[in-house]
Amino acid sequence: TFPPFVMDISFDNLEVSDHQQKLFKDAFDIFDKDHTGRVSYTELSEVMRNLGQTATLHDLDEMMSRIDADKDGSVTIEEFVQILKTKDLQDQHFHSALSLAFSRFDKDKNGTIEEDELKRVLKGLGLSHADARTLFQMANTNADGHISFEEFKNIMLSDDLTAQAQGELWKRIRVALMFSSVWTPHSRNSEDIHNIISEAEKNGKNAKAITFVRHGQSEANAASDRGEDGIFFDPGLTELGRQQAEEAAAKIRSSGIKFDLLVVSPLTRAIETALIVLKDYIEAGVSFVGHPLCTEQVSGADDIGLTPAEIQSRYPQVDWTELTALGTEVWWHPGPHVKGEELTATAQRAKYEAGEWEEPWESLISRARRFERWLAARPEKEICV
């Protein structure tokens, strides 16, 4: 489900100095991408991902249950500050978050952060290249052109950050990282899932355990990580993406989970990931269904896919009944003001090259709700999407 969760910013009755108040507001601005004064699940998840952490909606619910003191479904600035007041910079969760964030910055995995890598991640946090340059110079204390993990840790843990602009920027990032480190990753195994289902069924609920698997690195992801622009229609996985899928397969295999339904997006990167991650289940004959509702928000050329006929031909091991039932080549959001002749894959690619579009949030939510209802109506209990 998509809980109606937001963070409200209010400084009423908050006993902090003017300087602290500005710092906390600046940290909120990192989360508050659309500058509405409210931070949504999506914005919170995006910042956490940029800081090296990935949270599911369930994880965000768990995190909020610990932070939302008055249980009103939102997190106020007072609750935000209370968490930071009690947060120990030396605790294990924050150190784990530091390692995850460093790994996120270190795109080429060579053990150091270069200036271009810092620029790319900070762009995702809403900071400029000029900000990144000054932050890099401040953190790179030995001036060797690289930020080591020790330098990164020192700047994040420092109590002596100057009042200069770059010192304030590092503080903002540290506050955001401290907040995101409240959430700690965890894994579920087969026993956990059975317990969750049993407990829910005791309470009269139609319970299902759904494991969501993110696709591995695609060619478009790799180009973006290199800071390159380009149009990639429905790209496949890179070699790194295939390695990531193999690692995910090992984790799922060790969990002992016995899926009785597999569901995959019609996008190539998702199918290629599923064929690796779920190989054992597919070979065992578990139902493997492709569904057009189960796909990313259209926000780039990589979200414009192949035709149903092309997909069926390439991947016959998947049941594409839900896809072919649409009776059209275009199963993704086709963009605004689309005419009948534009509802072909060829026309859609030409339309995108002439001008980008993004699927409206309302469309995405509606699609997710329909997919949720489809899952709820299925008889299976343990599902992998």
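Source: prediction; values computed, not measured.

Novice: Go over the confidence of the model for the chain with me, naming the residues and quoting the values.
Specialist: Confidence along the chain averages 77 in pLDDT terms, with 67% of residues attaining 70 or more. Within the model, pLDDT remains below 50 along residues 86–90, and this stretch shows 13 contacts once partners closer than five positions in the same chain are excluded.

Novice: With reference to specific residues and values, describe the packing of helix 12 (residues 239–255) against helix 13 (residues 268–277).
Specialist: To characterise two packed helices, one gives the angle between the axes of the helices and the distance between these axes. The interhelical angle for the contact between helix 12 and helix 13, taken along N-to-C directions, is 45 degrees, at an axis separation of 8 Å. In this view, helix 12 runs oblique relative to helix 13, as classed from their interaxial angle. Crossing handedness for the pair helix 12 and helix 13: right-handed. Contacts between helix 12 and helix 13 involve Arg-242, Ala-245, Glu-246, Ala-248, Ala-249 and Ile-252 from the former and Thr-273, Ile-276 and Val-277 from the latter. Class assignment of the residues belonging to the contact of helix 12 with helix 13 gives a composition of 6 nonpolar, 1 polar and 2 charged.

Novice: Describe the nonpolar core, listing the residues and the values that go with them.
Specialist: If you look at the biggest cluster of nonpolar residues, it comprises 37 residues, and the most contacted ones within it are Phe-259, Leu-262, Val-264, Leu-278, Ile-311 and Trp-320. At the level of elements, helix 10 (190–202), helix 12, strand 7 (261–264), helix 13 and helix 17 (345–354) are the ones that each hand at least two residues to this core. In terms of residues, this core owes the most to one element, helix 13, which gives 5 residues. Residues in contact with Val-264, not counting those within four places in the same chain, are Ala-270, Ile-271, Ala-274, Phe-288, Val-289, Gly-290, His-291, Cys-294, Val-318 and Trp-320.

Novice: Give me the environment of Thr-141: which residues, what numbers.
Specialist: Mapped onto the secondary structure, Thr-141 falls in the loop between helix 7 (129–139) and strand 5 (147–148). The exposed category is assigned to Thr-141, whose relative accessible area is 65%. Linking Thr-141 and Glu-151, residues 10 residues apart in sequence, is a C-alpha distance of 7.1 Å. Side-chain polar atoms of Thr-141 contact the side chain of Glu-151, separated by 3.2 Å.

Novice: Give a description of helix 18 (residues 361–377) that names residues and reports values.
Specialist: The end-to-end C-alpha distance of helix 18 is 24 Å, a good match for the 24 Å that 17 residues give at a rise of 1.5 Å each. Residues of helix 18 that are buried: Leu-364, Arg-367, Ala-368, Phe-371, Trp-374 and Leu-375. Projected down its long axis, helix 18 carries its buried residues within an arc of 120 degrees, all on one side. Turned more than 90 degrees away from the buried face of helix 18 sit Glu-362, Arg-373 and Ala-377, all of them exposed. Packing partners of the buried residues in helix 18 comprise strand 6 (209–211), strand 7, strand 8 (288–290), helix 16 (321–324) and strand 9 (382–384).

About the criteria used
Sequence order as written defines the numbering, with residues in each chain counted from 1. Reporting in this predicted model follows two pLDDT cut-offs: at least 70 for local features of residues, and 80 or more for side-chain atom pairs to be given and counted; totals over whole chains, interfaces and linings ignore these cut-offs and use all residues. Note that water and hydrogens are dropped before the side-chain values are worked out from all heavy atoms of the structure. Every residue gets a pLDDT, meaning the predictor's confidence in that residue, from 0 to 100. Two residues form a contact once any of their heavy atoms are found within 4.5 Å. Interaxial angle, 0 to 180 degrees, is taken between N-to-C directions of lines fitted to C-alpha atoms, where a helix line uses only the stretch in contact. Going along the chain from the N terminus, every DSSP run of H or I of four or more residues is numbered as a helix, and every run of E of two or more is numbered as a strand. Here is the rule for angles: anything less than 35 degrees is roughly parallel, anything more than 145 is roughly antiparallel, 65 through 115 is roughly perpendicular, and the remaining ranges are oblique. Left-handed describes a crossing whose near helix is turned anticlockwise from the far helix through less than a right angle; right-handed describes the clockwise counterpart. Put simply, Ala, Val, Leu, Ile, Met, Phe, Trp, Tyr, Cys and Pro go in the nonpolar bin, Asp, Glu, Lys and Arg in the charged bin, and everything else, Gly too, in the polar bin. In these notes, a set of buried Ala, Val, Leu, Ile, Met, Phe, Trp, Tyr and Cys residues joined through side-chain atoms within 4.5 Å is what counts as a nonpolar core. A 1.4 Å probe rolled over the protein chains alone gives each residue an accessible area, and that area as a share of the maximum for its type sets the label: buried under 20%, exposed over 50%, partly exposed in between. Each polar contact in these results corresponds to two N or O atoms within 3.5 Å; when the atoms are within protein, one needs to be able to donate a hydrogen and the other to accept it, and residues that are neighboring in sequence are counted only if both atoms are side-chain atoms. One less than the residue count of a helix, multiplied by 1.5 Å, gives the span that helix is expected to have. Our arc is simply the arc of the directions from the helix axis toward the C-beta atoms.

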